[in-house]
Amino acid sequence: MPPRQFDGSHVRAVRRGRDLSQQQLGDMVGVSGPAVARWENGQDFPKGEKLPAIAKALHKPLDDLFPHDGPPDLQLLRCDAGLSIAQAAEIINASRAPLGNAESGRRRLSDAYVKPLAKAYRVTERELLVAQDRSFGVRVPSASGPRTIEEKINYLLQHGYVGQEAPSDEEIARAVNEHAGASTVTAGDIVALRTGATTDASDVVRAGLAHALQVDAALFQDDAELSPEARQLLEAFRFIGSIHRGQILGLAARGNSTGLSAEMMAKINDLVGELKHKLPDVPGAE
């Protein structure tokens, strides 16, 4: 099933209105006439990456002919760019696995893949990362910062691993259990917490999550909202990542329950000053 809604009977009506045969439409989008017939009869669906070509051939806006529910995820961005997963994999010089894992919400894309994919998909890097969040079932955090366990986990996975590969659900579960000294969670439990299917966790699991994601346990306190100090720490991760994604190694120390120290803030300021000279293409560096 393509990532957009597909109504074969509607496609047939539009095709006939354009006075095109099934073979002619097939030739225009790179498939056989019988394949088009199967689409229109509801016996099969076109691959998602074929939908832009079909809409173009029928002189219809993509969103009108093939609507979709909600904001785009990674699969929709790829398909709307007219790329198969194999073609997208060629762009990042990798196997299909990284893309398949990211689109299915199993493992996030490496930072090195973000820029070339954003360019290929004709979106900004920020739009690509937001779409990736949606592939992982992440809802947008409140303006005041991540509040729930779900939002805190995903915020850290998104912004706390600049230049590094974020841990998988299996790796997080293993680290939580190692910290607890017992088998307390499975990878499925982490998925449930990360997607909001489970909204609470024991103190042992919270402490284990903090250990697994290399932050102070205070960040996973059972509060309605993160403290200003904790939000400052999380904002620092996002700030560093936004300077030049993939060019800076992750923070060696991720802070403590009292927030960033004056020494750490001084180092960040020094880094920004250095990057203004070394990376003139950094937004806001002029």
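Computed from a prediction, not measured in an experiment: that's the story for all the values here.

Here we come to the overall build of the chain. Across its full length, the chain carries 16 helices and zero strands. Within the span of the chain, comprising 286 residues, buried residues form 45% of the whole. In the chain, the share of contacts with a sequence separation of at least 24, taken over all contacts with a separation of at least 6, comes to 63%. For the chain, the exposed surface amounts to about 14600 Å²; the carbon and sulfur share of it is 49%.

This brings us to the packing of aromatic side chains. Evaluation of the coordinates by the stated rule reveals three aromatic pairs. Ring centres 6.5 Å apart and planes at 80° place the aromatic pair Phe 6 and Trp 39 in the edge-to-face group. With Phe 6 in the segment before helix H1 (8–17) and Trp 39 in helix H3 (residues 33–40), this residue pair connects regions lying 33 residues apart in the sequence. Here the two residues Phe 6 and Trp 39 agree in accessibility, since each one is buried. Ring centres 6.3 Å apart and planes at 85° place the aromatic pair Phe 6 and Phe 45 in the edge-to-face group.

Counting through the fold element by element, Asp 200 comes out in the loop between helix H13 (187–195) and helix H14 (203–212). Between the alpha carbons of Asp 200 and Thr 148 there is a distance of 8.7 Å; along the sequence they are 52 residues apart. When sequence neighbours within four positions are dropped, the list of residues in contact with Asp 200 reads Ile 149, Leu 193 and Arg 206.

What follows deals with H1. Along H1, the positions that sit buried rather than exposed are Gly 8, Val 11, Arg 12, Val 14 and Arg 15. Against the buried residues of H1 lie helix H2 (22–29), H3 and helix H5 (62–65). Immediately downstream of H1, the backbone of Asp 19 shows phi near 60°, a positive value.

Time to look at the pattern of salt bridges. A full pass over the atoms with the stated rule returns ten salt bridges. Between Glu 171 and Arg 107 there is a salt bridge; the shortest N-O distance is 3.5 Å. In this pair, Glu 171 is assigned in helix H12 (residues 169–180) and Arg 107 in the loop between helix H8 (97–103) and helix H9 (111–121), connecting sequence segments 64 residues apart. The salt bridge partner of Asp 169 is Arg 194, with a shortest N-O separation of 2.9 Å. Taken as a pair, Asp 169 in helix H12 and Arg 194 in helix H13 lie far apart in primary sequence, 25 residues in all. For the pair Asp 169 and Arg 194, one class covers both residues: buried.

This part is about the nonpolar core. Among the nonpolar cores identified, the biggest contains 21 residues, and Ile 149, Ile 153, Ile 172, Leu 193, Leu 209, Leu 213 and Phe 220 are the most heavily contacted of them. Mapped by element, the contributors of at least two residues to this core are helix H11 (149–159), H12, H13 and H14. Those residues in contact with Leu 209 that sit more than four places away from it in its chain are Ile 149, Ile 153, Ile 172, Val 176, Ile 190, Leu 193 and Phe 220. Counting 19 residues, the second largest nonpolar core, distinct from the first, contains Leu 74, Leu 83, Val 114 and Leu 117.

Quick look at the side chain of Glu 49 now. By secondary structure assignment, the location of Glu 49 is in the loop between H3 and helix H4 (51–57). The residues touching Glu 49, leaving out its near neighbours within four places in the chain, are Arg 78, Cys 79, Gly 82, Leu 83 and Ser 84.

Let us now look at the confidence of the model for the chain. For the chain, the average pLDDT comes to 80, and 72% of its residues sit at 70 or higher. Scored below 50 in pLDDT, residues 242–260 makes 47 contacts in the model with residues more than four places away or belonging to other chains. Here residues 275–286 is modelled with pLDDT under 50, and outside its nearest four sequence neighbours on either side it reaches twelve contacts, counting other chains as well.

Another aspect to go through is the environment of Ala 175. The residue Ala 175 is located in helix H12 in this model. On the accessibility criterion, Ala 175 (15% relative accessible area) is buried. When near neighbours in sequence (up to four residues on either side) are disregarded, Ala 175 contacts His 211 and Ala 212.

The subject of this paragraph is the side chain of Asp 169. By relative accessible area, Asp 169 is classed as buried at 7%. A distance of 2.9 Å separates the side chain of Asp 169 from the side chain of Arg 194, its partner in a polar contact. Those residues in contact with Asp 169, other than ones at most four positions away along the chain, are Gly 105, Arg 106, Ala 187, Ile 190, Val 191 and Arg 194.

It is the contact of H12 with H13, at a shortest axis distance of 8 Å, that shows an interaxial angle of 110°. Relative to H13, the element H12 is oriented roughly perpendicular. Taken together, the residues of H13 that come into contact with H12 (itself represented by Asp 169, Glu 170, Ile 172 and Ala 173) are Ala 187, Ile 190, Val 191 and Arg 194. When the residues that make up the contact of H12 with H13 are grouped by side-chain class, the tally is five nonpolar, no polar and three charged.

Definitions and limits used
- Residues numbered from 1 in each chain as written.
- Predicted model: local features only at pLDDT ≥ 70, side-chain atom pairs only at ≥ 80, totals over all residues.
- Heavy atoms only, no water.
- Helix = DSSP H or I, 4+ residues; strand = E, 2+ residues; numbered from the N terminus.
- Buried < 20%, exposed > 50% of the residue type's maximum accessible area, 1.4 Å probe, protein only.
- Contact = heavy atoms within 4.5 Å.
- Areas by Shrake-Rupley, 256 points an atom, 1.4 Å probe, with all protein chains shown as cover.
- Phe/Tyr/Trp six-rings, centres within 6.5 Å; stacked < 30°, edge-to-face > 60°.
- Salt bridge = Lys/Arg side-chain N within 4 Å of Asp/Glu carboxyl O.
- Core = buried A, V, L, I, M, F, W, Y, C linked by side-chain atoms within 4.5 Å.
- pLDDT = per-residue confidence, 0-100.
- Polar contact = N/O pair within 3.5 Å; in protein donor to acceptor, adjacent residues only side chain to side chain.
- Axes fitted to C-alpha atoms, helices over the stretch in contact; angles between N-to-C directions.
- Parallel < 35°, antiparallel > 145°, perpendicular 65-115°, else oblique.
- Nonpolar A, V, L, I, M, F, W, Y, C, P; charged D, E, K, R; others polar.

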